[in-house]
Amino acid sequence: MAGDERIRLFCALQLPDDSLDAVVAWQTRVLRGEGRVVPRENLHVTLAFLGACSVDVVEGVARELRAASAAAPPLELHPLRYRETRNVGMILLDDPSGAATALAEDIHERLERLGVYRPDARRWLPHLTVLRFRKPEGLTPAVANMCSSHVVRSALYRSQLGRDGARYEVLETAALGGS
């Protein structure tokens, strides 16, 4: 990558395999034929979306993600309910200990100091995007019987837009709690 190249970046929590298995099974059962289901390899919980950045900032962003992740404990997220916005369907997640929210806020502050991120006016909302569409589908599926997620890793992703949707590439991973 050239130094003047711009790439789309975001930081996210990586879900464990058992949680991904449960989400994909739920998507297959409940969302089949609705919109464009988010594939397993794209499922994540976004901590901070940076958008288009110079490739020169990647190392600094990765360093701050590693530091914030090392300071955070492993965490639990629990599925609450399905919700739709203008163009996505998501599973809202409960953060009972507040650890995921604290990590997101720490990353936001670090990336803002680095000059690569401006936090939203709205408070961070833990969620998992599971469906994309052109207009809301009006679905109200239950998410009961889905497992909670014991999250132990975060990642810095590169997002590449394409005709068939975004493709995500993991540039760096970091262990929560520094383990």
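Here goes a summary of the coordinates provided. (Residues numbered from 1 in each chain as written. Predicted model: local features only at pLDDT ≥ 70, side-chain atom pairs only at ≥ 80, totals over all residues. Heavy atoms only, no water.)

We now examine the sheet that holds strand β9 (residues 167-175). Remark on secondary structure: sheet strands pair via backbone hydrogen bonds, oriented parallel or antiparallel. A sheet is described by the order of its strands in space; here 4 strands give the open sequence β3-β1-β8-β9, paired in antiparallel fashion. Edge positions in the sheet fall to β3 (45-54) and β9, since each has one partner strand and no second. On average, adjacent strands in this sheet sit at an angle of 20° to one another, irrespective of strand direction. Pairing of strand β8 (residues 153-160) with β9, which is carried by 8 bridges, proceeds in the antiparallel orientation. Looking at the pairing, Tyr157 lines up with Val170 of β9. (Pairing = 2+ DSSP bridges. Helix = DSSP H or I, 4+ residues; strand = E, 2+ residues; numbered from the N terminus. Axes fitted to C-alpha atoms, helices over the stretch in contact; angles between N-to-C directions.)

As a further point, take the side chain of Gln27. Tracing the backbone shows Gln27 in helix α1 (residues 17-31). Here the side chain of Gln27 touches Val130 through a polar contact of 2.9 Å, landing on its backbone oxygen. Apart from the residues within four sequence positions on either side, Gln27 is in contact with Arg32, Val37, Val38, Leu43 and Val130. (Polar contact = N/O pair within 3.5 Å; in protein donor to acceptor, adjacent residues only side chain to side chain. Contact = heavy atoms within 4.5 Å.)

Another point: the environment of Tyr82. With respect to the helices and strands, the residue Tyr82 is situated in strand β4 (residues 75-84). Overall, the relative accessible area of 7% leaves Tyr82 in the buried class. For the pair Tyr82 and Gly51, spaced 31 residues apart in sequence, the C-alpha to C-alpha distance is 26 Å. With sequence-adjacent residues up to four places away left out, Tyr82 is seen in contact with Trp26, Gly89, Met90, Val130, Leu131, Phe133, Leu139, Pro141 and Val143. (Buried < 20%, exposed > 50% of the residue type's maximum accessible area, 1.4 Å probe, protein only.)

Once that is clear, we can look at empty space enclosed by the protein. Applying the stated criterion to the full structure yields 1 cavity of 30 Å³ or more. In this structure, the largest cavity encloses a volume near 100 Å³. Val23, Leu93, Leu128, Cys147 and Ser149 are the residues nearest the centre of the largest cavity, which is lined by 12 residues in total. Listing elements by their share of the lining of the largest cavity, those giving two or more residues are α1, β4 and β5 (88-94). Broken down by element, the lining of the largest cavity gets its largest block of residues, 3 residues, from α1. Residues of the lining of the largest cavity, tallied by class, amount to 10 nonpolar, 2 polar and no charged. (1 Å grid on protein atoms, 1.4 Å probe; cavity = no way out; pocket = protein on both sides within 12 Å on 5 of 7 lines; lining within 4 Å. Points joined across faces, edges and corners; volume = space filled by probe spheres on them. Nonpolar A, V, L, I, M, F, W, Y, C, P; charged D, E, K, R; others polar.)

Looking now at the state of the cysteines. If you walk through the whole model with that rule in mind, you get 0 disulfides. Free of any disulfide, Cys11 has its nearest cysteine sulfur in Cys53, 9.4 Å distant. On the basis of relative accessible area, Cys11 is assigned to the buried category, the value being 0%. Take Cys53: its relative accessible area is 6%, and that puts it in the buried class. (Disulfide = S-S within 2.5 Å.)

A separate point is the packing of aromatic side chains. Applying the stated rule across the entire model yields 4 aromatic pairs. Ring geometry for Phe10 and Tyr168: centres 5.0 Å apart, planes at 75°, overall edge-to-face. One end of the pair, Phe10, is in strand β1 (residues 6-14); the other, Tyr168, is in strand β9, with 158 residues separating them in the sequence. The structure contains a cluster of three or more aromatic residues connected by ring pairs, namely Phe10, Tyr157 and Tyr168. (Phe/Tyr/Trp six-rings, centres within 6.5 Å; stacked < 30°, edge-to-face > 60°.)

Our focus in this paragraph is the packing of helix α2 (residues 58-71) against helix α3 (residues 99-114). In the contact formed by α2 and α3, the axes pass within 10 Å of each other and the chain directions differ by 150°. Relative to α3, α2 is oriented roughly antiparallel. The crossing of α2 and α3 is right-handed. Facing α2, whose interface residues are Gly60, Val61, Arg63, Glu64, Leu65, Ala67, Ala68 and Ser69, α3 presents Leu103, Asp106, Ile107, Arg110, Leu111 and Leu114. Here the residues of the contact of α2 with α3 are counted per class, giving 8 nonpolar, 2 polar and 4 charged. (Parallel < 35°, antiparallel > 145°, perpendicular 65-115°, else oblique. Left-handed = near helix turned anticlockwise from the far one by under 90°.)

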